[in-house]
Amino acid sequence: TITTIPVFPLLSLKQRVPQVSMFLNTLTPKFYVALTGTSSLISGLILIFEWWYFRKYGTSFIEQVSVSHLRPLLGGVDNSSPTNSSTSNGDADSNRQSVSECKVWRNPLNLFRGAEYNRYTWVTGREPLTYYDMNLSAQDHQTFFTCDSDHLRPADAIMQKAWRERNPQARVSAAHEGVPSIDSASVFCVRIPCATAYILLAEEEATTIMEAEKLFKQALKAGEGCYRRSQQLQHHGAQYEAQHRRDTNVVVYIKRRLAMCSRKLGRTREAVKMMRDLMKEFPLLSMFNIHENLLESLLELQNYADVQAVLAKYDDISLPKSATICYTAALLKARAVSDKFSPEAASRRGLSTAEMNAVEAIHRAVEFNPHVPKYLLEMKSLILPPEHILKRGDSEAIAYAFFHLQHWKRVEGALNLLHCTWEGTFRMIPYPLEKGHLFYPYPICTETADRELLPMFHEVSVYPKKELPFFILFTAGLCSFTAMLALLTHQFPELMGVFAKAFLSTLFAPLNFIMEKVESILPSSLWHQLTRI
């Protein structure tokens with residue numbers, strides 16, 4: 001049986017073009033309305049999704065898919081090539097650099113969790129601390145206040161478990177087991193007092209600064225006893241050396257918090273004396289950054305000469321910088337000229353040497369942390385600072401401005417000088433992620449780390465501002481254009497039909513010209529022969 005395949009009549013190119021024109025002439029305005037309306041709807045949905053993805057992840061979904069999946073398929077490079085191997089090594093180096101740049105630090109001026117953070121929660125119903133921030137604090141406490149020999153002292157063994165507890169009530173209950181209790185039958189202390197137990201109660205259970213200070217004084221009494229005993233035995237072995245290091249951390253932490261209590265209760269001179277004595281007694285313990293507490297207290301006393309002396313010691317090129325150091329140096333230089341500074345007069349006569357030094361100090365500070373000026377100028381609202389900060393990030397800016405805004409306001413004209421000059425920094429570093437001016441390039445990971453450190457209700461400050469991806473702009477333009485076409489076609493169907501037909505005729509005119517030329521060159525039977533093949 002021979003099956004015959006029907007052969008459809010083959011049309012020449014000249015016969016096809018009129019049929020296309022006839023098809024276009026049969027389209028009604030409703031078709032154009034439906035076409036443009038559907039296109040507008042689809043592009044609008046794509047725009048909404050792209051915008052949501054960009055706000056959440058900071059990149060375009062279409063670009064990410066194109067780079068991650070389509071580019072390797074279209075022109076991927078062999079993973080085993082030496083070039084790709086060197087590229088992966090370079091990526092690993094950049095990742096290690098990003099990790100070091102995005103290291104979080106303990107906030108030297110962190111608030112008391114029970115007396116301040118919890119009171120904020122009771123009043124507003126908002127949680128000022130994130131789980132990530134509190135988890136970092138728990139790790140810090142385990143590092144500073146525990147050692148391998150804690151099992152030798154029952155109270156320390158209890159506290160070693162308490163620092164690992166996630167539930168605040170469980171931590172406080174465990175801490176109560178580590179403080180002296182009075183037995184109702186025999187009226188005597190059944191347990192040696194534990195300094196770290198008092199620390200936990202002062203930090204988390206005390207509801208006022210005065211209660212916290214009282215508990216810290218009890219902690220200091222217990223901690224100094226342990227410190228003296230371990231100091232005598234520290235050379236008897238690694239175990240005793242670890243105990244002495246732990247007891248040293250405990251004593252330094254307690255004295256620093258006692259100084260902060262005095263500062264919060266208005267006894268600023270007493271706080272300054274305690275901080276100075278602590279820095280003299282333990283000069284090598286820089287992990288607590290006590291000099292930043294000292295700078296803030298000296299600024300409160302308006303003792304600017306001593307502030308300058310502290311800066312001369314710690315504002316050194318070999319030492320790590322912070323927003324407190326950079327902006328305090330800028331404040332001192334601005335103080336010398338800010339009361340008489342006028343932008344109009346400066347534009348006429350130029351800047352004097354002192355004014356130039358002040359402006360350069362402000363530019364230096366803004367380059368280190370560009371988020372601070374908006375908080376000092378009250379362009380953004382402040383929140384309670386977190387317990388950990390990211391240097392050069394929004395969290396550090398909040399922590400600095402929370403305590404130092406009052407010092408800038410106290411210096412007449414300082415905020416005005418800052419307002420007039422801080423944005424000039426960005427003209428000096430047009431590409432901050434690639435090259436810096438006085439510091440290393442601005443790290444690219446600050447936004448991610450700050451989002452984990454700061455609460456959800458705070459809008460994280462981002463620098464530099466990310467430009468909208470091309471596909472968001474493209475879909476926005478496409479959605480707007482097709483929506484406008486749909487509206488015009490619905491309102492003026494006949495006129496838009498004429499425009500559409502004229503547009504399509506113009507669009508197909510080059511195609512018609514090419515087809516005619518091809519027909520004139522090639523024989524008419526060629527298309528039939530090609531189809532048979």
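Structure's up top.
Residues numbered from 1 in each chain as written. Predicted model: local features only at pLDDT ≥ 70, side-chain atom pairs only at ≥ 80, totals over all residues. Heavy atoms only, no water.

### Considering the packing of aromatic side chains
Stated formally: Each pair of aromatic rings taken from Phe, Tyr and Trp, with Trp reduced to its six-membered ring, is defined by centres within 6.5 Å and is described as stacked if the planes are under 30 degrees apart, edge-to-face if over 60, and tilted in the remaining cases. Counting from the N terminus, the helices are DSSP H or I runs at least four residues long and the strands are E runs at least two residues long. A 1.4 Å probe rolled over the protein chains alone gives each residue an accessible area, and that area as a share of the maximum for its type sets the label: buried under 20%, exposed over 50%, partly exposed in between. Two conditions define a charge located above a ring, namely a distance within 6 Å from the ring centre to NZ of Lys or CZ of Arg, and an angle within 35 degrees of the ring normal.
Scanning the model with the defined rule gives eleven aromatic pairs in all. The interplanar angle of 40 degrees and the centroid separation of 5.5 Å between the aromatic rings of Phe 145 and Trp 163 together place this pair among those described as tilted. Remark: Trp 163 occurs in the loop between α7 (154-162) and α8 (168-177) and Phe 145 occurs in helix α6 (residues 131-145); sequence separation between them is 18 residues. A single burial state applies to Phe 145 and to Trp 163, both of which are buried. The interplanar angle of 65 degrees and the centroid separation of 5.3 Å between the aromatic rings of Phe 368 and Phe 439 together place this pair among those described as edge-to-face. Placement of Phe 368 in helix α17 (residues 353-368) and of Phe 439 in the loop between α21 (425-428) and α22 (446-453) is noted, with a sequence separation of 71 residues between them. With a relative accessible area of 18%, Phe 439 lands in the buried category. An aromatic cluster is built from Phe 144, Phe 145, Trp 163 and Tyr 253, whose rings are joined through pairwise contacts. When the ring centre of Trp 105 is taken as reference, the NZ or CZ atom of Lys 391 above it lies at 4.2 Å.

### Points about the nonpolar core
Counted only if it meets this: Among buried residues, those of type Ala, Val, Leu, Ile, Met, Phe, Trp, Tyr and Cys that are joined through side-chain atoms within 4.5 Å constitute a nonpolar core. By the convention used here, residues are in contact when the closest approach between their heavy atoms is within 4.5 Å.
Counting 93 residues, the largest nonpolar core has Ile 199, Phe 216, Ile 254, Tyr 327, Leu 376 and Trp 408 as the members making the most contacts within it. Leaving out residues up to four positions away in the same chain, Ile 199 has contacts with Phe 145, Trp 163, Phe 216, Ala 219, Val 250, Tyr 253 and Ile 254. Cys 102, Val 104, Leu 136 and Leu 390 belong to the second-largest nonpolar core, a separate cluster that totals seven residues.

### Some remarks on the environment of Ala 483
Tracing the chain through its elements places Ala 483 in helix α23 (residues 470-491). Residue classification places Ala 483 among the partly exposed residues on the basis of a relative accessible area of 33%. Sequence separation of Ala 483 and Gly 37 is 446 residues, and the distance between their C-alpha atoms is 6.2 Å.

### A short note on helix α12 (residues 268-281)
Under the convention used in this document: Given a helix with a known number of residues, its expected span is that number minus one, times 1.5 Å.
An ideal rise of 1.5 Å per residue puts 20 Å on 14 residues; α12 measures up with 20 Å between its terminal C-alpha atoms. Where α12 is buried, its residues touch α11 (238-264), α13 (290-300) and α14 (304-314).

### A look at a nonpolar patch on the surface
Just so we agree on the cut-off: Like charges are joined within 9 Å and nonpolar side chains (Val, Leu, Ile, Met, Phe, Trp, Tyr) within 5 Å, but only among residues with over 30% relative accessible area and no salt bridge; these make up the patches. Every accessible area reported is derived by Shrake-Rupley at a probe size of 1.4 Å, with residue values counting cover from the shown protein chains alone. Any Lys or Arg side-chain nitrogen found within 4 Å of a carboxyl oxygen on Asp or Glu counts as a salt bridge.
Judged by side-chain polarity, Phe 481, Met 484, Leu 488, Phe 492, Leu 495 and Phe 499 come together as a nonpolar surface patch covering roughly 600 Å² of accessible area. When residues in the nonpolar patch are grouped by element, the largest group, three residues, is from α23. With respect to the element layout, Phe 499 can be found in helix α24 (residues 493-521). By relative accessible area, which is 52% here, Phe 499 ends up exposed.

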